[in-house]
Amino acid sequence: MAARDTSRFWRKCRIAFRRVRMCAWLVILVLLGALLYLNRVGLPGFVKKPLLQKLRTRGIDLQFTRLRWRLDHGIVAENVHFGRADESSSPKLTLDEVEVNLDYRALARLQFQVESLILRRGSLVWPIRSSNTPPRSLCVSNIQTELHLLPGDRWQLDHFGARFAGGDF
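Residues numbered from 1 in each chain as written. Predicted model: local features only at pLDDT ≥ 70, side-chain atom pairs only at ≥ 80, totals over all residues. Heavy atoms only, no water.

Engineer: I'd like a description of the overall build of the protein chain, backed by residues and values.
Structural biologist: Secondary structure assignment for the protein chain yields three helices and seven strands. Counting from the amino terminus, helix and strand elements in the protein chain follow one another as α-α-β-β-β-α-β-β-β-β. Taken against the 2.2 N^0.38 rule, which gives 15 Å for 169 residues, the C-alpha radius of gyration of the protein chain at 25 Å runs more than 25% over that of a compact globule. Projected onto its principal axes, the C-alpha positions of the protein chain cover 105 × 30 × 30 Å. Across the protein chain, contacts joining residues at least 24 apart in sequence account for 39% of those joining residues at least 6 apart. For the protein chain, the accessible area works out to roughly 12,100 Å², and carbon and sulfur atoms hold 61% of it. Averaged over its 27 positive side-chain charges, the protein chain has a centre that lies 14 Å from the centre of its 15 negative ones. (Helix = DSSP H or I, 4+ residues; strand = E, 2+ residues; numbered from the N terminus. Rg over C-alpha atoms; globule rule 2.2 N^0.38 Å. Contact = heavy atoms within 4.5 Å. Areas by Shrake-Rupley, 256 points an atom, 1.4 Å probe, with all protein chains shown as cover. Lys, Arg positive; Asp, Glu negative; His and termini not counted. Charge placed at Lys NZ, Arg CZ, Asp CG, Glu CD.)

Below, the structure is given as structure tokens:
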């Protein structure tokens, strides 16, 4: 009788272990699927809206084609445009990528706090208009920099690099 009770106990342990193992594999599969979705399709709207709102309150209005999460860089906006599209005489800044660095301690409290933006492969075109001359523009290309958003509505540029008039600075 005692041998029968122990065999039932081990049988129940094996069944429980199989169920826990299946649940663990299912959780891993769902997490990998979610990461693949965030990487390929992009972040859902309920994540984009508060993030963009925080950036707008800091004075940055991003217009982009896709906002996605990448494993190596975090949240990345692609094909970013700054500037007014309706005015041809206003300066226009376009970037291939803008990496958004968040404060992860605030994110743990479900608050979006943007620490910095890393700008990659950008170009600035500033039209110069004067009377009696053909229209010209000032072009700065290959802009690479890190923009820190400091308290008190202050910004700090670090590691700025660009190409202008054939020279790098």
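Engineer: Tell me what's going on with the nonpolar core, and back it up with residues and numbers.
Structural biologist: In this structure, Leu 51, Leu 55, Val 114 and Leu 117 are the most contacted members of the largest nonpolar core, which totals 21 residues. The set of elements that each furnish at least two residues to this core consists of α2 (45–57), β2 (74–82), β3 (92–102), β4 (114–128) and β5 (136–150). Here Val 114 is in contact with Leu 51, Leu 55, Arg 58, Val 100, Asn 101, Leu 102 and Leu 149, once residues within four sequence places are set aside. (Core = buried A, V, L, I, M, F, W, Y, C linked by side-chain atoms within 4.5 Å. Buried < 20%, exposed > 50% of the residue type's maximum accessible area, 1.4 Å probe, protein only.)

Engineer: Can you break down the pattern of salt bridges residue by residue, with the values?
Structural biologist: Any two side chains of opposite charge can pair, given that their charged atoms come close. Summed over the entire model, instances satisfying the criterion amount to 10 salt bridges. A salt bridge links Glu 78 to Arg 66; the shortest N-O distance between them is 3.2 Å. On the criterion of sequence distance, the pair formed by Glu 78 in strand β2 and Arg 66 in strand β1 (residues 66–70) is long-range, its members being 12 residues apart. For Glu 78, a relative accessible area of 13% gives the class buried. Between Arg 105 and Asp 103 there is a salt bridge, with the nearest N and O atoms lying 3.8 Å from each other. Looking at Asp 103, the relative accessible area reads 17%, which means it is buried. A network of salt bridges, in which partner residues are shared, links Arg 70, Asp 72, Asp 96, Glu 97, Glu 99, Arg 120 and Arg 121. (Salt bridge = Lys/Arg side-chain N within 4 Å of Asp/Glu carboxyl O.)

Engineer: Quick one: what's the story with α2, residue by residue and with numbers?
Structural biologist: Relative to the 18 Å expected for 13 residues at 1.5 Å per residue, α2 spans 18 Å between its end C-alpha atoms, a close match to the ideal helical length. Among the residues making up α2, those that are buried are Val 47, Leu 51, Leu 52 and Leu 55. Along the axis of α2, the buried residues cluster in a sector spanning 115 degrees; they form a single face. The exposed residues of α2 that point more than 90 degrees off its buried face are Phe 46, Lys 49 and Thr 57. Positive phi shows up at Gly 59, right after α2, with a value of about 95 degrees. (Expected span 1.5 Å × (residues − 1). Arc of directions from axis to C-beta.)

Any link to function would need more than the numbers given here.
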